[in-house]
There are 2 protein chains.
Amino acid sequence: MSTLIETELYTQQEFLSQLVDHRLLIPSGEQGVYGRGMAFERVRTAVDSLITRMSSPDRPETPRFPPLIPRRTLERAGYLKSFPNLCGAVFSFKGKESAALDLLERANRGDDWGVHLSMTDVVLTPAACYPAYPAIAHRGPLPEGGLTLDLGASYVFRNEPSPDPARLQVFHQREMVRMGRPDDVLQWRELWMSRAQDVFAHLELDAKLDLASDPFFGRGGKLLANSQRAQSLKFEVLVPIVCTERTAVASFNYHQEHFGSSFGIQLHDGGVAHTACLGFGLERITLALFREHGLDTNTWPPSVLGRLGV
Amino acid sequence: MSTLIETELYTQQEFLSQLVDHRLLIPSGEQGVYGRGMAFERVRTAVDSLITRMSSPDRPETPRFPPLIPRRTLERAGYLKSFPNLCGAVFSFKGKESAALDLLERANRGDDWGVHLSMTDVVLTPAACYPAYPAIAHRGPLPEGGLTLDLGASYVFRNEPSPDPARLQVFHQREMVRMGRPDDVLQWRELWMSRAQDVFAHLELDAKLDLASDPFFGRGGKLLANSQRAQSLKFEVLVPIVCTERTAVASFNYHQEHFGSSFGIQLHDGGVAHTACLGFGLERITLALFREHGLDTNTWPPSVLGRLGV
């Protein structure tokens, strides 16, 4: 283990201890799964409201989706090709009384009781926009000018337990989606990259917009990531949270025809819709604020508190 | 199939179709998993706010928890004994590249890809109060007078796919918890049963408070349910939604020492804390309102709209 990595781990643990001591995060016993204390939540929901105010000129539709989607939606979205390692499938018990008894005995002994479970038809939502694509496709062709959705703060899941308090297994993605012609979609993404930079400047965070790529699985993943960069499909806003490296707190993604053709989303004229989505990681932004301005909001710059309205 | 059951099924499907036609619910393709349209969400969050206002005289702590808990918490809570059939365990992929390829091919063929997954250390939250017990126990003995928590609207999971729009696999439980001496806990439950009846009266719903029991699994379940009734451990408020039978929209539960001893929650004087919790089913209350007052909120009684503040 290099000295750099050791230092980073120490910093993560130290920051996590401070967050727990100040009752900002509440440990559950599992890495990446935390309750959130009252002060943390006040800031998180204030950031959420700030983004809602920024989104309102788009006059978006605001449907809401639960943290589970049909397994079929995950399959159609192509998630299993890109990120099989990150998905979470829901397994349940369908057995009879004797099997239930054995399940319970195994659990009491600390043995694996998963042998009694089988895969259901639902999985955890890995990206807040996924449920929106089949839902919109189902309504028929898009209106002229396309469609803008503000999906609010949705819980998403990533199977990546980590000691880093900025890398959660379950967190709130504050997500917006645009569907339409390539130009509409790309212009909207540009607008939001500029809005996001304004927001982070207002919150007095040291934010940097950069070209990015997804952590695609496997050897083929590198090629996919290179192609994604070459086509400027993904941008991120990064801020310092714990490590020496910055952490992404927002991403701006152009999917081209991917979801339009996977789910059959049609333009007004019958062509395949292009889509873009953008997401703000609410817990990460909140952590960045506590890291930058201190663990007690009473000592934060009045300018920041004013903009958050807390 | 009896005529009664046929009629009920028809009514469920008819009501669901109406909800979908009015863009109140958004079908996902799986039973019991729906998106929520803008008008539905306006009402649901208004009901949530109404309950928040009712809760504020208790001066509760308001931590928030995600929809996943450690598997260990589920085991310690005794859920696997009572409701093994309802739990949802999260399975993920830990394999290498060749296994990922086989997983993908199976998914593309429509075959079971669950064989490549294994049980993780997290499960879906089955009841909103579960994460609170170990979190509070971890802090040490309760303050004198005990503790009141308002956990807000939490997503919970039940593995029970159903055509009934009032029986969801994933929904918002608006939950409160009281920990303390038996008298404190029982008095608080009494207070909330009375508050709840007021709320439903204000919303002009035909609500009925009744002794109830949980749907415990298996042959032993009947005995558990009888004992629960005999000790008046569970009450429910029931309203008409779809079927001829009323549906529970709120429950008021006294756990005696169960969670206190399972998780080691101590009173100020070192004794084992008693606990009670109560939960409002936000989607069910919202459905009941649309059923009672009509599918278009513009036609609702001004008195109801006023009380909801919508």
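Read on for a plain summary of the structure. Just so it is clear, the model here is predicted, and its values are computed rather than measured.

### Focus on the side chain of Thr 120 of chain A
Part 1 of the argument: By secondary structure assignment, the location of Thr 120 of chain A is in strand 5 (residues 117-124).
Part 2 of the argument: Looking at Thr 120 of chain A, its side chain comes within polar contact range of the main-chain nitrogen of Val 122 of chain A, at 3.2 Å.
Part 3 of the argument: For Thr 120 of chain A, the residues in contact, after removing those within four places along its chain, are Arg 71, Val 90, Phe 91 and Ser 92 of chain A together with Asn 159 of chain B.

### A few points about the environment of Leu 168 of chain B
Part 1 of the argument: You can see Leu 168 of chain B is positioned in the loop between strand 6 (147-157) and strand 7 (170-180).
Part 2 of the argument: Leu 168 of chain B sits 135 residues away from Val 33 of chain B along the chain, and the two C-alpha atoms are 6.3 Å apart.

### A short note on the side chain of Asp 164 of chain B
Residue and element names in this part refer to chain B.
Part 1 of the argument: Relative to the elements of secondary structure, Asp 164 occurs in the loop between strand 6 and strand 7.
Part 2 of the argument: Buried Asp 164, no salt bridge; nearest opposite-charge side chain is Arg 167, N-O distance 5.0 Å.
Part 3 of the argument: Here the side chain of Asp 164 touches Ala 166 through a polar contact of 2.8 Å, landing on its backbone nitrogen.
Part 4 of the argument: Excluding residues that lie within four positions of it along the chain, Asp 164 makes contacts with Gln 12, Val 242 and Cys 243.

### Observations concerning the pairing of strand 9 (residues 234-239) of chain B
Residues and elements named next belong to chain B.
Part 1 of the argument: A large share of strand 9 lies buried, amounting to six of its six residues.
Part 2 of the argument: Note that strand 8 (residues 208-211) and strand 9 share four bridges and pair antiparallel. Following the sheet pairing, Lys 208 is matched in strand 9 by Leu 238.
Part 3 of the argument: By the bridge criterion, six bridges tie strand 9 to strand 10 (residues 247-256) in an arrangement that is antiparallel. Pairing of Lys 234 across the sheet is with Asn 253, part of strand 10.

### Overview of the nonpolar core
Part 1 of the argument: Judged by nonpolar contacts, the single largest core of 88 residues is most densely connected at Tyr 130 and Tyr 133 of chain A together with Tyr 133 of chain B.
Part 2 of the argument: Beyond its immediate sequence surroundings of up to four residues, Tyr 133 of chain A is in contact with Val 177, Met 179, His 255, Phe 259, Phe 263, Ile 265, Thr 275 and Cys 277 of chain A.

### Digging into the packing of aromatic side chains
All names here are of chain B.
Part 1 of the argument: All chains considered together, the criterion is met by 27 aromatic pairs over all chains.
Part 2 of the argument: Ring geometry for Tyr 133 and Phe 263: centres 6.2 Å apart, planes at 20 degrees, overall stacked. With Tyr 133 in helix 6 (residues 132-138) and Phe 263 in helix 9 (residues 258-263), this pair connects stretches of sequence that are 130 residues apart.
Part 3 of the argument: Judged by its relative accessible area of 0%, Tyr 133 falls in the buried class.
Part 4 of the argument: Geometrically, the ring pair formed by Phe 259 and Phe 263 is stacked, given 6.4 Å between the ring centres and 25 degrees between the ring planes. Of this pair, Phe 259 and Phe 263 both sit in helix 9, separated by four residues, roughly a single helical turn.

### Focus on the pattern of salt bridges
Part 1 of the argument: The tally for this structure, following the rule as stated, stands at 32 salt bridges over all chains.
Part 2 of the argument: Two residues, Asp 214 of chain A and Lys 234 of chain A, come together in a salt bridge whose shortest N-O distance is 3.0 Å. Of the two residues, Asp 214 of chain A is situated in the loop between strand 8 (208-211) and helix 8 (219-230) and Lys 234 of chain A in strand 9 (residues 234-239); the sequence distance between them amounts to 20 residues.
Part 3 of the argument: Looking at Lys 234 of chain A, the relative accessible area reads 6%, which means it is buried.
Part 4 of the argument: One salt bridge connects Glu 41 of chain B with Arg 44 of chain B, and the closest N-O pair in it is separated by 2.6 Å. Placement of the pair is Glu 41 of chain B and Arg 44 of chain B together in helix 2 (residues 38-55), with a separation of three residues, close to one helical turn. Accessibility classification places Glu 41 of chain B together with Arg 44 of chain B in one group, the buried group.

Rules used in this analysis
Residues numbered from 1 in each chain as written. Chains lettered and ligands numbered in written order. Predicted model: local features only at pLDDT ≥ 70, side-chain atom pairs only at ≥ 80, totals over all residues. Heavy atoms only, no water. Helix = DSSP H or I, 4+ residues; strand = E, 2+ residues; numbered from the N terminus. Polar contact = N/O pair within 3.5 Å; in protein donor to acceptor, adjacent residues only side chain to side chain. Contact = heavy atoms within 4.5 Å. Buried < 20%, exposed > 50% of the residue type's maximum accessible area, 1.4 Å probe, protein only. Lys, Arg positive; Asp, Glu negative; His and termini not counted. Salt bridge = Lys/Arg side-chain N within 4 Å of Asp/Glu carboxyl O. Pairing = 2+ DSSP bridges. Core = buried A, V, L, I, M, F, W, Y, C linked by side-chain atoms within 4.5 Å. Phe/Tyr/Trp six-rings, centres within 6.5 Å; stacked < 30°, edge-to-face > 60°.

Remember, this is a structural readout, not a statement about activity or role.
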